[in-house]
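Structural features, examined
This is what each chain is made of:
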Amino acid sequence: MPYPENAPLEEWLARETREEVLEPDLPIIDPHHHLWDMRGTDAPWEQKVYFCEEMSEEIRTSGHNVVQTVFAQCGAFYRADGPEEMRCVGETEFVHGIAAMSRSGKYGSMRLCTGIFSAADLRLGKAVEPVLQAHLAASPNFRGVRTPFPSDLNAQFLEGYGLLGKYDLSFDNYSPDFGRLPTLAKLAQAHPDVPIIVNHLGGKIDPDADQETISRWQACIDSIAACPNAVVKCGGAQQRVGLSWEPPFHMHQREEGPLGSEELCELLFGHYRYAIDAFGPDRCMFESNFPVDKESVSYRTLWNLMKRIARKMGLSDTEKASIFSGTAARVYGLT
C-alpha cells in the first residue's frame, strides 16, 4: 500500500529519465537492504516505511533479475521490554516474518531476507552468548551481526567477538570514518575464522574529495583487503551520512531529478574500481543499500550503474557471477 510519508521521495524519483535495463537476465543477490517503519521518529531517512511489499515492488518494477536479498541491521522493531541486551532480537523476529511473507510467492518470485544480520553488543564478552543464541532461534536465516568495535579491541570485546566463530557467524561493519579500517584489519587478523564484511566501500565516499583524502582512503582499503577473511560491499557511495553530509547528486541537492547511471558511473568509477582491484571480484559484492541510497538513485538505475562499472572494468562472466551473486551466496551461506 502507498504511504503518504514516502510521497516526497517517490515524487522526486519520478522525475528521472527511465533507463533501459542492462543485462536483465544476470542473476543478482542484493546483500544489503533495510526494512523499517520510521514514522514518529527523528530518523533522517526520506523513505519512512519500507516493508515486504515496498521492497518486492522495487525489485519487480526494476526489471533486474534479483533472486535473493540479505537484510541489514538497522535497529528495526526492537522489543519494547525485557533485558536491554536482548531487545535487538526483535529485529530478527520481525525480519523472519518478512522472509516468510516473501517465501509465500504472493509478492513475486524473488526471495527476500534469505540472510539476516542484526545487532548484538559484543562488548558484553561471554555474556553476549545468549543474545546470539536467541537470534539463531528466532530465524534459521540469521547469519551474523553488525556492530561497532572499540578502538582498543579490549579483551572483553574480543571474548564476545570470538563467539562469532563458535557459532559460524559473520561480522558486518560500517563507519563513515575509513580511518578505522586498519584497526578492523587487526581484528580480522586476530580471528581469521570470522568472515568480516566491510560495508559501503569502507567509509564516506565523496566524489569531490581531494587527492590527499583519496590516497588515505586507498591506503585504508589496502590494509583490510590484505586480510583473506575480509570481503567488501561495493555500494553505499550514493548515500548521505546522517544529517551532516550529502553527495552532490542527493535529492536535496538536485531539484531537477536523479542523475542517470552513466553520469553516476563517471563520478564514482574510480572508487569502485580501486576497491574491486584491491579485493578481487571474488571478495566483492555489489549492494543496493536501499532505501538509504534511494535518496539519490532508483533501484533500476542503481543496478544499471553496477553493471556499467563491471563492463567498464572488463570483468569476465565468471567475475561478474561472483560480484553480483556468488560472493554474497558464499559469505552468507545462501542456497
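So, a few notes on the structure that sits alongside this text. Everything numeric here is computed off the predicted structure, so don't read it as measured data. (Residues numbered from 1 in each chain as written. Predicted model: local features only at pLDDT ≥ 70, side-chain atom pairs only at ≥ 80, totals over all residues. Heavy atoms only, no water.)

Per the secondary structure count, the protein includes 10 helices and 10 strands. Against the compact-globule benchmark of 20 Å for 335 residues, the protein has a radius of gyration of 19 Å, which places it among compact chains. Taken over the C-alpha atoms alone, the protein extends approximately 55 × 45 × 40 Å along its principal axes. Each of the 335 residues in the protein was classed as buried or not, and the buried ones make up 58%. Taking contacts inside the protein between residues at least 6 apart in sequence as the whole, the part at least 24 apart equals 80%. Surface accessibility of the protein: about 13,600 Å² in total, with carbon and sulfur atoms responsible for 50%. (Helix = DSSP H or I, 4+ residues; strand = E, 2+ residues; numbered from the N terminus. Rg over C-alpha atoms; globule rule 2.2 N^0.38 Å. Buried < 20%, exposed > 50% of the residue type's maximum accessible area, 1.4 Å probe, protein only. Contact = heavy atoms within 4.5 Å. Areas by Shrake-Rupley, 256 points an atom, 1.4 Å probe, with all protein chains shown as cover.)

All right, on to the packing of helix α8 (residues 261-279) against helix α9 (residues 299-313) then. Two numbers describe how α8 lies on α9: the axes approach to 9 Å, and their chain directions differ by 55 degrees. Judged on the interaxial angle alone, α9 and α8 are oblique. Regarding α8 and α9, the two cross each other, and that crossing is right-handed. Each of Ser261, Glu262, Leu264, Cys265, Glu266, Phe269, Tyr272, Arg273, Ile276 and Asp277 in α8 lies in contact with α9, whose residues at this interface are Thr301, Asn304, Leu305, Met306, Arg308, Ile309, Lys312 and Met313. By residue class, the composition of the contact of α8 with α9 is nine nonpolar, three polar and six charged. (Axes fitted to C-alpha atoms, helices over the stretch in contact; angles between N-to-C directions. Parallel < 35°, antiparallel > 145°, perpendicular 65-115°, else oblique. Left-handed = near helix turned anticlockwise from the far one by under 90°. Nonpolar A, V, L, I, M, F, W, Y, C, P; charged D, E, K, R; others polar.)

Quick look at the sheet that holds strand β6 (residues 142-146) now. With respect to topology, eight strands assemble into an open sheet ordered β1-β4-β5-β6-β7-β8-β9-β10, the strand pairing being parallel. Of all strands in the sheet, those bounded by a partner on one side alone are β1 (27-33) and β10 (284-286). Within this sheet the neighbouring strands show an average axis-to-axis angle of 30 degrees, counted without direction. As judged from the three bridges shared by strand β8 (residues 196-198) and strand β9 (residues 230-234), these two strands associate in the parallel manner. Bridging across to β9, Ile196 finds its partner in Ala230. (Pairing = 2+ DSSP bridges.)

By size, the foremost hydrophobic cluster in this structure holds 93 residues, and its most contacted members are Phe171, Ile224 and Phe286. Among the elements that take part in this core, α8 stands out by supplying eight residues, more than any other. Look past the residues within four positions of Phe286 in its chain and what remains in contact with it is Ile29, Pro31, Cys234, Tyr272, Ile276, Trp303, Met306, Ile309, Ala310, Ile323 and Phe324. Within the second largest apolar cluster, 11 residues are counted, among which are Ile29, Val70, Ala72 and Tyr332. (Core = buried A, V, L, I, M, F, W, Y, C linked by side-chain atoms within 4.5 Å.)

Applying the stated criterion across every chain yields a total of zero disulfides. Sulfur of Cys113: no disulfide; nearest cysteine sulfur belongs to Cys52 and is 7.7 Å away. In this model Cys234 remains outside any disulfide bridge; the closest cysteine sulfur is found in Cys284, 4.1 Å from its own. Owing to a relative accessible area of 0%, Cys234 belongs among the buried residues under this scheme. (Disulfide = S-S within 2.5 Å.)

Following the criterion strictly, the structure yields 14 salt bridges and no others. We note a salt bridge from Lys320 to Glu23, for which the minimum N-O separation is 2.6 Å. Taken as a pair, Lys320 in helix α10 (residues 317-331) and Glu23 in the loop between α1 (7-13) and β1 lie far apart in primary sequence, 297 residues in all. When its relative accessible area of 13% is taken as the criterion, Lys320 is described as buried. Glu23 gets classed as partly exposed once you look at its relative accessible area, which sits at 27%. A salt bridge links Arg79 to Glu93, with the shortest nitrogen-to-oxygen separation between them at 2.7 Å. Residue Arg79 is located in the loop between β4 (65-72) and α3 (89-103), and its partner Glu93 is located in helix α3; the two are separated by 14 residues in the primary sequence. Relative accessible area serves as the criterion here: at 30%, Arg79 is assigned to the partly exposed category. Overall, the relative accessible area of 38% leaves Glu93 in the partly exposed class. (Salt bridge = Lys/Arg side-chain N within 4 Å of Asp/Glu carboxyl O.)

What follows deals with the packing of aromatic side chains. Both the distance between ring centres and the angle between the ring planes are used here to describe each pair of aromatic rings. Enumeration according to the criterion identifies 13 aromatic pairs in this entry. Centre to centre, the rings of Phe77 and Phe94 are 4.3 Å apart; their planes meet at 35 degrees, and the pair counts as tilted. Taken as a pair, Phe77 in the loop between β4 and α3 and Phe94 in helix α3 lie far apart in primary sequence, 17 residues in all. Since its relative accessible area comes to 41%, Phe77 is described here as partly exposed. An aromatic cluster is built from Tyr272, Phe286, Phe290, Tyr299, Trp303 and Phe324, whose rings are joined through pairwise contacts. Lying over the aromatic face of Phe269, Lys312 brings its terminal NZ or CZ to 4.6 Å of the ring centre. (Phe/Tyr/Trp six-rings, centres within 6.5 Å; stacked < 30°, edge-to-face > 60°. Lys NZ or Arg CZ within 6 Å of the ring centre and 35° of its normal.)

Structural measurements only, silent on function.
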